[in-house]
Amino acid sequence: MFDFDATLPLMAIQFVILTAIMNALFFKPMAKIVEGREGFIRSSKTESKERLEKAQQLTQQYEQELNATRRESQAIIANAQEEAKKISAEQIAVAQQQVQEEVMKVLQELESQKQNAMGQLSADADALSQQILDKLLGSGLPA
């Protein structure tokens, strides 16, 4: 099948020369390009991992600050509600006291008017009974 004559070593030498030329012109530059890309990919991955970790840390920090702010705002709202309740309770107490005083004044005035009316009715009843007596006694006695 194979003929081992002078063409076989010549073909082998051509193959070695072609391989050396291909290696110098094609494979080495391609290997540099591939290594450069691998380095770029590695550095990009490392950089992206660092950025992701930093973003996660910032997110966690912001969430903690947000939670702290929420707690503070809830405390402020609770304090404001308590203060509003105290103020409204004080105002209600003052208003009730004023109403109580007004009711007492009205009751005293009504009592005074009642006493005056009772005195007037008593005087009118005395005068009326006197008139009735005068009429009864005066008409029963001949003049």
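The structure displayed is predicted, hence computed values, not measured ones. (Residues numbered from 1 in each chain as written. Predicted model: local features only at pLDDT ≥ 70, side-chain atom pairs only at ≥ 80, totals over all residues. Heavy atoms only, no water.)

Things to note about the overall build of the protein chain
Let me state the cut-off plainly: A helix here means a DSSP run of H or I that spans at least four residues, while a strand means a run of E at least two residues long, and both kinds are numbered starting from the N terminus. Radius of gyration: C-alpha atoms only; globule rule: 2.2 Å multiplied by the number of residues to the exponent 0.38. Exposure is judged per residue with a 1.4 Å probe applied to protein chains only, and the accessible area is read against the type maximum: over 50% gives exposed, under 20% gives buried, and values in between give partly exposed. Only the protein chains shown count as cover for residues, and all accessible areas are computed by the Shrake-Rupley method using a 1.4 Å probe.
The number of helices and strands found in the protein chain is one helix and zero strands. Since a compact globule built from 143 residues should have a radius of gyration of about 15 Å, the 59 Å found for the protein chain marks it as more spread out than a globular shape. Dimensions of the protein chain, computed from the C-alpha atoms along their principal axes, are close to 195 × 30 × 20 Å. Split into buried and exposed, the 143 residues of the protein chain put 0% on the buried side. On the protein chain, roughly 13,400 Å² of surface is accessible, and the fraction owed to carbon and sulfur atoms is 62%.

A short note on the UniProt feature "transmembrane region" (unreviewed entry) in the protein chain
The criterion, for reference: UniProt positions are given in the numbering used here, feature names are shortened, and annotations may be inferred rather than shown by experiment.
According to UniProt, the positions carrying the feature "transmembrane region" (unreviewed entry) are residues 6-27. What you have in residues 6-27 is 95% helix and 0% strand, and the ends, taken at the C-alpha atoms, are 30 Å apart.

A look at the UniProt feature "coiled-coil region" (unreviewed entry) in the protein chain
The sites that carry the UniProt feature "coiled-coil region" (unreviewed entry) are, in the present numbering, residues 45-120. The span residues 45-120 carries 100% helix and 0% strand; its end-to-end C-alpha distance comes to 109 Å.

Observations concerning the packing of aromatic side chains
Note the following rule: Side-chain rings of Phe, Tyr and Trp, where Trp is taken by its six-membered ring, are said to pair if the distance between their centres is within 6.5 Å; with planes under 30 degrees apart they count as stacked, over 60 as edge-to-face, and otherwise as tilted.
Applying the stated criterion across every chain, the model contains one aromatic pair. A ring pair is formed by F26 and F27, whose centres lie 5.4 Å apart and whose planes are at 65 degrees; its orientation type is edge-to-face. Taking relative accessible area as the criterion, F27 reaches 44% and is therefore assigned partly exposed.

Side note on the pattern of salt bridges
Where we set the bar: The salt bridge criterion pairs a side-chain nitrogen of Lys or Arg with a carboxyl oxygen of Asp or Glu, the two atoms within 4 Å.
This structure, assessed with the given rule, holds two salt bridges. The salt bridge involving E38 is made with R42; its shortest N-O contact spans 3.9 Å. Residue E38 and its partner R42 are located together in helix α1 (residues 7-140), separated by four residues, close to a single helical turn.

Here we look at a nonpolar patch on the surface
Put simply, the test is: In this scheme, patches are assembled from residues that exceed 30% relative accessible area and form no salt bridge. Like charges are connected within 9 Å, while nonpolar side chains (Val, Leu, Ile, Met, Phe, Trp, Tyr) are connected within 5 Å.
On the surface, I13, I17, L18, I21, M22, L25, F26, F27, M30 and I33 cluster together to form a nonpolar patch covering roughly 960 Å² of accessible area. Along the polypeptide, I17 turns up in helix α1.

Considering the environment of A68
Within the secondary structure layout, A68 lies in helix α1. Residue classification places A68 among the partly exposed residues on the basis of a relative accessible area of 26%. Taking the C-alpha atoms as reference points, A68 and K86, separated by 18 residues in sequence, lie 27 Å from one another.

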